[in-house]
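Listed below, chain by chain, are the residues.
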Amino acid sequence: MKISDAYLIVSSPGRNFVTLKIVTESGTYGIGDATLNGREMAVVAYLEEHVLPALIGRDASRIEDIWHYLYRGAYWRRGPVTMAAISAVDLALWDIKAKAADMPLYQLLGGKSRERVMTYAHCTGRDIEGCLAEVERHIALGYRAVRVQAGVPGIATIYGVAKREGERYEPADAELPAEHVWSTEKYLNHVPKLFAAVRERFGDDIHLLHDVHHRLTPIEAARLGKAVEPYHLFWLEDCVPAENQESFRLIRQHTTTPLAVGEVFNSIHDYRELLENQWIDYIRTPLSHGGGITHVRRIADLAGLYHVRTGFHGPTDLSPVCLGAAVHFDTWVPNFGIQEHMPHTPETDAVFPHDYRFEDGHFLVGESPGHGVDIDESRAAQYPYKRASLPVNRLEDGTLWHW
Ligand SMILES: O=C(O)C(=O)C[C@H](O)[C@H](O)CO
Ligand SMILES: [Mg+2]
């Protein structure tokens, strides 16, 4: 199982994706997702200059050894670029191992823990009425869980809300970062009204989620968590920036609203205090940013000790390769919670043929060997890379804030 070739495919079928293909001497190949939204070419350079040449001739079956070779062996540890690069290699190697075993990946991980994978959809509106219409539409599509975001009066651009009515939301929407304006006060006054309206219209059964996108201070997050308690959220996501894990002690002391964290984390060390102190309820790190299956399963196991469940990040900026591998992981992992689902464009789906299926608010895992996602390289070549940046946020007085 010697690795004979390893190369990247950078393609933009509606948005940018970086895909790694690792080929073995026998011709069996594996695919990994190396996409880091708004920083794609940094991962390309890291892989092409420092990682891929060192893979040639290695035994593809030694996944654990290769992981440590790339992690410890780099001397410079962790960080989103390094870990996205390691993740891509790891996902491709697990794909190869499962293909060589002639098994779908979930079998190699330990088999099915469930028949289907519950997902949540994004429901966003320019105002509360617009959001309610989206919730209604998604319930009709079969979703059991929805993430609810709405425009706030007095704030021009809102996270999760498309620029124009009827358009898909894509945050990396400009070559250089767009500048948005943020008001915590207006936001905090508005969000409880949104949840009151959703519960009043749709009752108690639908799971409701909300993404604060790192914008509050701990005491503001505590206030929001308390204010939405009557609407019993499934989770409140990224309520503060989490570099300082201690922040969650304060939030937790004030509210029973469940907390989800970690879409920007890339290591088990980012979670240690949060988990050991039981300050959070869901881990969000996707397989393509958290060191692949080899490392994320260690995070999931540690989380399981504290009754914490998975709720993987699943926006369109993670490719179908990451999503396909996640559906296998979600099907296996004992402490599964939910999977985010933001559908890819038809162009993206055509570039990445896959065998996972979406049905009645759930993903169903495929049975083909490996993680079940491929790349159509000639189709990918029709969509050249376009530089795209995530926005930045400023307070109303011009201070740079968290986006
Ligand atoms: O899907 C989510 O919960 C997000 O927060 C999406 C992020 O804004 C997006 O992945 C940034 O690249
Ligand atoms: Mg988020």
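As a reminder, the structure under discussion sits directly above these lines.
Calculation criteria
- Residues numbered from 1 in each chain as written.
- Chains lettered and ligands numbered in written order.
- Predicted model: local features only at pLDDT ≥ 70, side-chain atom pairs only at ≥ 80, totals over all residues.
- Heavy atoms only, no water.
- Pairing = 2+ DSSP bridges.
- Helix = DSSP H or I, 4+ residues; strand = E, 2+ residues; numbered from the N terminus.
- Expected span 1.5 Å × (residues − 1).
- Bend = angle between axes of the 7 residues up to and from the residue.
- Buried < 20%, exposed > 50% of the residue type's maximum accessible area, 1.4 Å probe, protein only.
- Contact = heavy atoms within 4.5 Å.
- Donors = N, O, S within 2.8 Å, 3.2 Å for Na, K, Ca; no water.
- Core = buried A, V, L, I, M, F, W, Y, C linked by side-chain atoms within 4.5 Å.
- Polar contact = N/O pair within 3.5 Å; in protein donor to acceptor, adjacent residues only side chain to side chain.
- Near = heavy atom within 4 Å.
- Areas by Shrake-Rupley, 256 points an atom, 1.4 Å probe, with all protein chains shown as cover.
- 1 Å grid on protein atoms, 1.4 Å probe; cavity = no way out; pocket = protein on both sides within 12 Å on 5 of 7 lines; lining within 4 Å.
- Sits in = over half its atoms within 2 Å of the grid points.
- Nonpolar A, V, L, I, M, F, W, Y, C, P; charged D, E, K, R; others polar.
- Axes fitted to C-alpha atoms, helices over the stretch in contact; angles between N-to-C directions.
- Parallel < 35°, antiparallel > 145°, perpendicular 65-115°, else oblique.
- Points joined across faces, edges and corners; volume = space filled by probe spheres on them.

J.: With reference to specific residues and values, describe the sheet that holds strand β16 (residues 400-401).
T.: Strand order in this open sheet of three strands is β6-β15-β16, and the pairing throughout is mixed. Each of the sheet's edge strands pairs with one partner strand only, and the pair in question is β6 (179-182) and β16. Both strand β15 (residues 392-395) and β16 contribute to a ladder of two bridges, which runs antiparallel. By the bridge assignment, Arg-394 is partnered in β16 with Leu-400.

J.: Any details on helix α1 (residues 40-55)? Residues and values, ideally.
T.: Taking 1.5 Å as the rise per residue, α1 with 16 residues should run 22 Å; its terminal C-alpha atoms sit 21 Å apart, in good agreement. Where α1 bends most, the angle comes to about 45°, and this point is Glu-48. Within the sequence span of α1, burial applies to Glu-40, Val-43, Val-44, Tyr-46, Leu-47, Val-51, Leu-52 and Leu-55. Elements that come into contact with the buried residues of α1 comprise β1 (3-11), β2 (17-24), α2 (63-71) and α3 (80-100). Immediately beyond the C-terminal end of α1, within one or two residues, lies Gly-57, with a positive phi of roughly 90°.

J.: Summarise the coordination of the magnesium ion (ligand 2); cite the residues concerned and give the values.
T.: At 1.9 to 2.2 Å from the magnesium ion (ligand 2) lie its protein donor atoms, namely Asp-211 (OD), Glu-237 (OE) and Glu-263 (OE). Here the donor residues of the magnesium ion (ligand 2) share one chain and are spaced in sequence as D-x25-E-x25-E. Note that Glu-237 is positioned in strand β8 (residues 235-237) and Glu-263 in the loop between β9 (259-261) and α9 (272-276), a separation of 26 residues in sequence. For the residue pair Glu-237 and Glu-263, the accessibility class agrees, reading buried in each case.

J.: Now, about the nonpolar core: what can you tell me, with residues and values included?
T.: By size, the foremost hydrophobic cluster in this structure holds 112 residues, and its most contacted members are Ile-22, Val-89, Phe-248 and Phe-329. Setting aside chain neighbours within four positions, we find Phe-248 in contact with Cys-239, Val-240, Ala-242, Leu-259, Val-261, Leu-274, Trp-279 and Ile-280. Core analysis: the second largest hydrophobic core is formed by nine residues, Tyr-120, Phe-234, Trp-235 and Tyr-282 among them.

J.: Talk me through the environment of Gln-245; I want residue IDs and the actual numbers.
T.: Among the secondary structure elements, Gln-245 is positioned in the loop between β8 and α8 (247-254). Under the relative-accessibility criterion, Gln-245 is labelled buried at 8%. Distance in space between the C-alpha atoms of Gln-245 and Arg-272 is 8.8 Å, their sequence separation being 27 residues. Contact partners of Gln-245, with chain neighbours within four places excluded, come to His-269, Asp-270, Tyr-271, Arg-272, Glu-273, Leu-274 and Trp-279. A distance of 3.4 Å separates a polar atom in the side chain of Gln-245 from the backbone oxygen of His-269.

J.: Please give an account of the site of ligand 1 that cites residues and values.
T.: Surveying the vicinity of ligand 1 reveals 14 residues, the closest of which are Asn-37, His-213, Glu-237, Glu-263 and Glu-340. Asp-211 is positioned such that a nitrogen or oxygen atom in its side chain is 3.0 Å from an oxygen atom of ligand 1. Within the contact set of ligand 1, an oxygen atom lies 2.5 Å away from a side-chain nitrogen or oxygen of Glu-340. Considered on its own, ligand 1 offers 330 Å² of accessible surface; in the complex 93% of this is hidden by protein. Applying the majority rule of atoms within 2 Å of the grid points places ligand 1 in the largest pocket. For the shell around ligand 1, the class distribution of residues is four nonpolar, three polar and seven charged.

J.: Please give an account of the packing of α3 against helix α10 (residues 292-305) that cites residues and values.
T.: One can describe the packing of α3 onto α10 by two numbers: an axis separation of 6 Å at closest approach and a directional angle of 105°. On the basis of the axis angle, α3 is roughly perpendicular to α10. Residue-level contacts link Met-83, Ser-87, Asp-90, Leu-91 and Trp-94 of α3 to Gly-292, Ile-293, Thr-294, His-295 and Arg-297 of α10. Per-class residue counts for the contact of α3 with α10 are four nonpolar, four polar and two charged.

J.: Explain the layout of surface pockets to me, using residue names and the numbers behind them.
T.: Approximately 1,100 Å³ is the volume found for the largest pocket. Along its surface, the largest pocket is lined by 39 residues, and His-214, Glu-263, Val-264, Leu-390 and Trp-403 are the ones closest to its centre. Sorting the residues of the lining of the largest pocket by element identifies β15 and β16 as the ones contributing at least two each. Within this model, the second largest pocket holds a volume of roughly 610 Å³. Those elements giving two or more residues to the lining of the second largest pocket turn out to be β4 (117-125) and α5 (128-140).

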